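Architecture at a glance
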Amino acid sequence: MSEATMTIPTNVRDRHVELYGSEHHGRQIDGLLARIDTRLAGFNRLIALIGVVAILVTALIQTLDVIVMRAIFSSPLTGINEIFSTVFPVSIAAVLAAGLSQRATLEVDMMAGILSPRAVRYLRGIGAVLYLGALVLIFWGVTLQAQSTLNRGTYTILNEVPVGPFYAAVALLFLLTIPTQLVVALRLALETHARWPVAIALVFVPGVLILAFFTWIALSFGAYFMGNMVASMLAIVALIWVLIFTFVPVAATLTLCSILGVALIFGVKGAVATLGSETMTLLSSYDIAVVPFFLIMGGLAVRSGMAADIYNFASALSAPFRGGLALGTIGGCAGFGALTGSSVATVATIGKAAFPEMKSRGYSPLLSSGVIAAGGTLGQLVPPSTVVVIYAMMTEQSIGLMYAAIFVPALITIMLYIIAVFLFLAISPNSAPSEASWDAREILRCGWRAQPAVIMFVVIFGGMFAGIFTASEAAAVGAVFAALVLVLRKSYRLRDTPEIVAEVTSTTSMIYMLMIGGFASTFFFSATGLPELAARSIGGLPVPGWVVVSLICLAFLVIGTIMDSIAVMMVTASVTASIVSSLGYDVIWWGVVMVVIVELGVITPPFGLNLFALKSVAPEITIRQIYGGVLPFVAADILKLVLLIAFPALALWLPSLM
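A quick note: this is a predicted structure, and the numbers were derived from the prediction, not measured.

**Points about the overall build of the protein chain**
Across its full length, the protein chain carries 30 helices and zero strands. For the protein chain, whose C-alpha radius of gyration is 26 Å, the value lies close to the compact-globule estimate of 26 Å for 658 residues. Look at the contacts in the protein chain between residues 6 or more apart in sequence, and 82% of them connect residues 24 or more apart. Accessible area of the protein chain: about 27,500 Å², with a carbon and sulfur share of 68%. Here the protein chain holds 31 positive side-chain charges and 30 negative ones, and the gap between their average locations is 8 Å.

Here you go:
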């Protein structure tokens, strides 16, 4: 008996395709979006190149002012600060869309191992739509700021340059982020279903409904919020965590939830105006300029070979000791961190170079993985650290004092890691080959090659700690110095420009978008008095202050295993700083403790981010080996944390001398 078949009438099938599309149509639309994405990304890269060049020119002007005009002629350039209120905001805004094209957004993917891949794609698509809504709000707010500045006819004080056109340029550059993120959201939507109308409906309808729901709450519940402020604030804080753990980008989460809260207090227009004001304050901030300057310095230092020079020199010096290459890797991580200020970048870069070499020389996978993963934390502990800058900005502390405060704990970390290596080898001598002899010629060669990196570090941080120049000026000098070394070593090729620009723009874009959300959340918390309320409530508990601090540290240790340190700082810095300050502790000391805790979290099994970063660059190591190898260094970090809590002077001694 033949099998029964059912034929769908042609008119019904055509109507179905008309309503829901076909897989072929879906592929066609995805191809069209891919072409649009490619061309838009190319245009964004061109704009970003102009922005990066302008940032570097700003750094050059700053360097000439510090080294030539002030040091030699005792005649500083006038109007330097006016650059940061006019040209610099435009330069930063120019890189934002390029970062979005590169998908440089920070999200927490802890639920990826729990939810199905299909559910993760849905949530990421909805998160992209919410990010689009946040960008529309930021553009609206910046446009209001530009209109206000143009209408008032604002001019700079010294050079009398009109500010309005620069603000208008910033608004136009934020406008460019909207179609860029729209394409990102559409492409993520098409990954959720084979038929494009269904895919777009599944992602955009929930996203738009969530935004509409937020708008309805903002318009309808202002009176309720003011009458039930504590419960409402806690609900918004809970909403922040829910969105973060459901793949909504952290920047979008902070921006939307904060503006929702501000709108309940000041109305929608007041909230949007506040967002625009906070955004322009951030973009024109003289202090936060250290971030793009140091990012440029790090990118150019890696390109010129200075980062590799530090690693090679440290390895040559430690050759006579058993486990010398492991010790050299710790020194290399410290040097690389001093050039880049990134934990994950340190693991990825040093891991690619160190692990194959350690494997070829007979080092055990346990020791190799532990040293590299733990050494990566030095990227945020050794200045210049982006996390330190963010904490300083969120709590209104001096960046220079924060860098000074973290310097001694960074040295303690290096010493404890070296001790951990020696103890590791005392228990398991076969984990590393026997020591070699010192090679004087190799030490001299590597030392000569590493001179530029050493000089740059001494000049930048020595000058900053000695009060010769500020943190922003130090960062500008570092960027120009790294560019000079790149040119003199003939390491720069014109075809490398897009890659260099991409490295700088992706991180700069991500951090500034996070900071916009962070500034908005700080304003919201300040307007509601949440930090003071939390400080009064916790300060009134019948327990010693050190118990409260220890409990907060424990909570941060857990959070740090599943969240990036930058995200942790953005969400929690201002509130926890108020709590700790109310208990009588120093806010700068607490900033150091926070950095130490969240960096301990990134190497703590089972979710530490550095562990998976190492796994990605050395896939032959099992995750069990990484877990086992990193445990001695986790113990060293816990000891360091105990020392910092017991003896705050370890962090506060150097700042007290400045």
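That was the structure; now back to the text.
**A closer look at the nonpolar core**
Grouped together as the largest cluster of nonpolar side chains are 207 residues, with contacts concentrated most on F174, F293, Y391, M513, M515, W590 and I603. Considering every element that reaches this core, the biggest residue donor is helix α19 (residues 399-427), with 16 residues. Those residues in contact with F293 that sit more than four places away from it in its chain are I55, T58, A59, F84, F88, S472, A475, A476 and A479. Counting ten residues, the second largest nonpolar core, distinct from the first, contains L186, A189, L190 and F204.

**Section: unusual backbone geometry**
In the Ramachandran plot, R103 falls in the positive-phi region, its phi being about 60° despite a non-glycine side chain. Residue class for R103 comes out partly exposed when judged on its relative accessible area of 35%. The backbone of F247 shows a phi angle near 70°, a positive value even though the residue is not glycine. Structurally, F247 can be placed in the loop between α9 (229-244) and α10 (250-266).

**Examining α9**
With 16 residues, α9 extends 23 Å from end C-alpha to end C-alpha; this agrees with the ideal 22 Å at 1.5 Å per step. Listed as buried for α9 are S232, M233, I236, I240, L243 and I244. Down the axis of α9, the smallest arc covering the buried residues is 115°, so these residues share one side.

**Some words on helix α13 (residues 306-317)**
Since one α-helical turn is 3.6 residues long, residues separated by three or four positions face the same way. Helix length check: α13 (twelve residues) gives 17 Å between terminal C-alpha atoms against 16 Å at 1.5 Å per residue, within 8%. Regarding α13, the residues found buried are M306, A307, D309, I310, Y311, A314, S315 and A316.

**So, the pattern of salt bridges**
One pass over the structure, following the stated rule, counts eleven salt bridges. In this structure, D37 and R103 form a salt bridge, with 2.6 Å as the shortest nitrogen-oxygen distance. With D37 in helix α2 (residues 23-70) and R103 in the loop between α4 (87-101) and α5 (117-152), this pair connects stretches of sequence that are 66 residues apart. On the basis of relative accessibility, which here comes to 8%, the residue D37 falls in the buried class. With its nearest N and O atoms 2.9 Å apart, the salt bridge here joins R445 to E442. Here E442 and R445 lie together in helix α20 (residues 440-449), a separation of three residues that amounts to about one turn. Residue classification places E442 among the partly exposed positions, given a relative accessible area of 30%.

**Remarks on the packing of helix α11 (residues 268-283) against helix α23 (residues 497-528)**
Remark: α11 packs on α23, axes separated minimally by 9 Å, with the N-to-C direction vectors making an angle of 125°. Our classification of the angle between α11 and α23 gives oblique. By crossing handedness, the relation of α11 to α23 is classed as right-handed. Across the interface between the two elements, T274, L275, E278, T279, L282 and L283 from α11 touch Y512, M515, I516, F519, A520 and F523 from α23. For the contact of α11 with α23, a count of residues per class yields nine nonpolar, two polar and one charged.

What counts and what doesn't
- Residues numbered from 1 in each chain as written.
- Predicted model: local features only at pLDDT ≥ 70, side-chain atom pairs only at ≥ 80, totals over all residues.
- Heavy atoms only, no water.
- Helix = DSSP H or I, 4+ residues; strand = E, 2+ residues; numbered from the N terminus.
- Rg over C-alpha atoms; globule rule 2.2 N^0.38 Å.
- Contact = heavy atoms within 4.5 Å.
- Areas by Shrake-Rupley, 256 points an atom, 1.4 Å probe, with all protein chains shown as cover.
- Lys, Arg positive; Asp, Glu negative; His and termini not counted.
- Charge placed at Lys NZ, Arg CZ, Asp CG, Glu CD.
- Core = buried A, V, L, I, M, F, W, Y, C linked by side-chain atoms within 4.5 Å.
- Buried < 20%, exposed > 50% of the residue type's maximum accessible area, 1.4 Å probe, protein only.
- Expected span 1.5 Å × (residues − 1).
- Arc of directions from axis to C-beta.
- Salt bridge = Lys/Arg side-chain N within 4 Å of Asp/Glu carboxyl O.
- Axes fitted to C-alpha atoms, helices over the stretch in contact; angles between N-to-C directions.
- Parallel < 35°, antiparallel > 145°, perpendicular 65-115°, else oblique.
- Left-handed = near helix turned anticlockwise from the far one by under 90°.
- Nonpolar A, V, L, I, M, F, W, Y, C, P; charged D, E, K, R; others polar.

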